[in-house]
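The primary structure of each chain is shown beneath.
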Amino acid sequence: MSEFTNSSLKVLFSAAQVQERIQEMGARITRDYQGKSLALVCVLKGASLFTADLMRAIDLPLTVDFIAVSSYGAASKSSGEVRILKDLDTSLKGRDVLVVEDIVDTGLTLNYLLDNFRRRDAASVQVAALLDKPERRLATVDVAYIGFTIPNEFVVGYGLDYAERYRNLPFVAILQPND
Ligand code: IMP
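All of these numbers come straight from a predicted model, not from anything done at the bench. (Residues numbered from 1 in each chain as written. Predicted model: local features only at pLDDT ≥ 70, side-chain atom pairs only at ≥ 80, totals over all residues. Heavy atoms only, no water.)

**Brief notes about the site of the ligand**
Right, on to step 1. Not every one of the 15 residues close to the ligand is listed here, only the nearest: Asp102, Thr106, Gly107, Thr109 and Val155.
Right, on to step 2. Interatomic distance of 2.9 Å between a backbone N/O atom of Asp105 and an oxygen atom of the ligand.
Right, on to step 3. Between the ligand and Lys133, the relevant distance is 2.9 Å, taken from an oxygen atom to a side-chain nitrogen or oxygen of the residue.
Right, on to step 4. Taken by itself the ligand offers 490 Å² of open surface, and the protein chains cover 84% of this.
Right, on to step 5. For the shell around the ligand, the secondary-structure elements that each account for two or more residues are β5 (96–104) and α4 (108–118). (Near = heavy atom within 4 Å. Polar contact = N/O pair within 3.5 Å; in protein donor to acceptor, adjacent residues only side chain to side chain. Areas by Shrake-Rupley, 256 points an atom, 1.4 Å probe, with all protein chains shown as cover. Helix = DSSP H or I, 4+ residues; strand = E, 2+ residues; numbered from the N terminus.)

Next comes the structure, spelled out in structure tokens:
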């Protein structure tokens with residue numbers, strides 16, 4: 001991706017649009033999880049900003065925990081095998097788990113995580129993703145809450161990075177190579 005070394009940003013969703021959508025998602029989750037044992041699981045690092053804002057938009061008692069994963073590299077990427085770099089601190093047994101993701105691209109990471117969490121005896125496991133890039137999907141994943149569906153472009157900002165940069169932008173932008 002060296003073509004991005006000298007690149008420019010094209011805003012896709014402004015900070016205000018992101019915040020407005022998250023309020024809507026939070027209101028829906030609040031309705032859907034009444035009386036349940038809601039456990040948010042933030043997938044680091046990309047979903048950190050989304051989790052921080054989404055949890056404040058949910059008017060329910062809840063817990064939040066964090067997991068960090070990395071894919072095993074190009075060869076096993078297609079198998080969806082991922083390595084857990086930092087596991088959860090708490091048990092999911094009997095909990096209504098809502099996995100909070102930044103973006104669903106191939107779906108391989110999420111597919112692995114959902115399988116992993118279901119084996120921990122959670123009462124239910126659902127997904128909230130800020131962005132969905134359906135054109136690149138390789139694994140079928142059911143995403144209950146989607147912020148925005150986007151075209152097949154590389155995006156940064158609001159937690160999403162390119163080589164660890166841009167995570168701090170309050171908006172979501174397409175990273176365009178300069179020609
Ligand atoms: P998947 O396993 O292909 O669905 O990949 C998911 C992960 O890849 C996301 O959680 C992101 O961290 C990263 N990713 C996928 N697409 C983008 C993008 O457009 N910008 C930044 N990161 C991305």
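More follows now that the structure is in view.
**Here's the deal with the sheet that holds strand β4 (residues 82–86)**
Right, on to step 1. Pairing in this open sheet of 6 strands is mixed, and the strands run β4-β3-β2-β5-β6-β7 from one edge to the other. Strands with a single pairing partner mark the edges of an open sheet, and in this sheet they are β4 and β7 (145–149). Across the sheet, the mean angle separating the axes of adjacent strands is 30° when strand polarity is ignored.
Right, on to step 2. As paired strands, β5 and strand β6 (residues 124–132) are joined by 8 bridges and run parallel to one another. (Pairing = 2+ DSSP bridges. Axes fitted to C-alpha atoms, helices over the stretch in contact; angles between N-to-C directions.)

**Thoughts on unusual backbone geometry**
Glycine aside, a negative phi is what most residues show, and trans is what most peptide bonds show.
Right, on to step 1. Of note, the amide linkage connecting Leu44 to Lys45 takes the cis form, showing an omega dihedral of -5°.
Right, on to step 2. For Lys45, the location among the structural elements is in the loop between β2 (38–44) and α2 (48–56).
Right, on to step 3. Phi is positive for Asp121, close to 65°, though the residue is something other than glycine.
Right, on to step 4. Mapped onto the fold, Asp121 is located in the loop between α4 and β6.
Right, on to step 5. Residue classification places Asp121 among the partly exposed positions, given a relative accessible area of 47%.
Right, on to step 6. If you check the backbone angles, Glu164 has positive phi at about 70° while not being a glycine.
Right, on to step 7. As for its placement among the helices and strands, Glu164 is situated in the loop between β8 (155–156) and β9 (172–177). (Buried < 20%, exposed > 50% of the residue type's maximum accessible area, 1.4 Å probe, protein only.)

**Details of the nonpolar core**
Right, on to step 1. Leu54 and Leu131 are the most contacted members of the largest nonpolar core, which totals 29 residues.
Right, on to step 2. Per element, the largest residue contribution to this core is 4 residues, and it comes from helix α1 (residues 15–32).
Right, on to step 3. Apart from residues lying up to four places away in sequence, Leu54 is in contact with Ile22, Met25, Gly26, Ile29, Val100 and Ala128.
Right, on to step 4. One finds Val43, Ile67, Val97 and Val143 within the second-largest nonpolar core, a separate group that totals 20 residues. (Core = buried A, V, L, I, M, F, W, Y, C linked by side-chain atoms within 4.5 Å. Contact = heavy atoms within 4.5 Å.)

**Considering the packing of α1 against α2**
In a pair of packed helices, the angle between the axes and the distance between the axes together describe the arrangement.
Right, on to step 1. The geometry of α1 relative to α2 is characterised by a closest axis approach of 8 Å and an angle of 55° between their N-to-C directions. In terms of orientation, α1 lies oblique with respect to α2. Of the two possible hands of crossing, α1 and α2 adopt the one that is right-handed. Of the residues in α2, those in contact with Gln19, Ile22, Met25, Gly26 and Ile29 of α1 are Phe50, Asp53 and Leu54. (Parallel < 35°, antiparallel > 145°, perpendicular 65-115°, else oblique. Left-handed = near helix turned anticlockwise from the far one by under 90°.)

**Overview of the sheet that holds strand β1 (residues 7–13)**
Right, on to step 1. Read across the sheet, 3 strands follow the order β1-β9-β8 without closing on themselves; strand pairing throughout is antiparallel. If you trace the sheet from one side to the other, it starts and ends with β1 and β8, each paired once.
Right, on to step 2. Sheet analysis places β8 next to β9, joined by 2 bridges and oriented antiparallel. Bridged to Val156 within β9 is Ala173.

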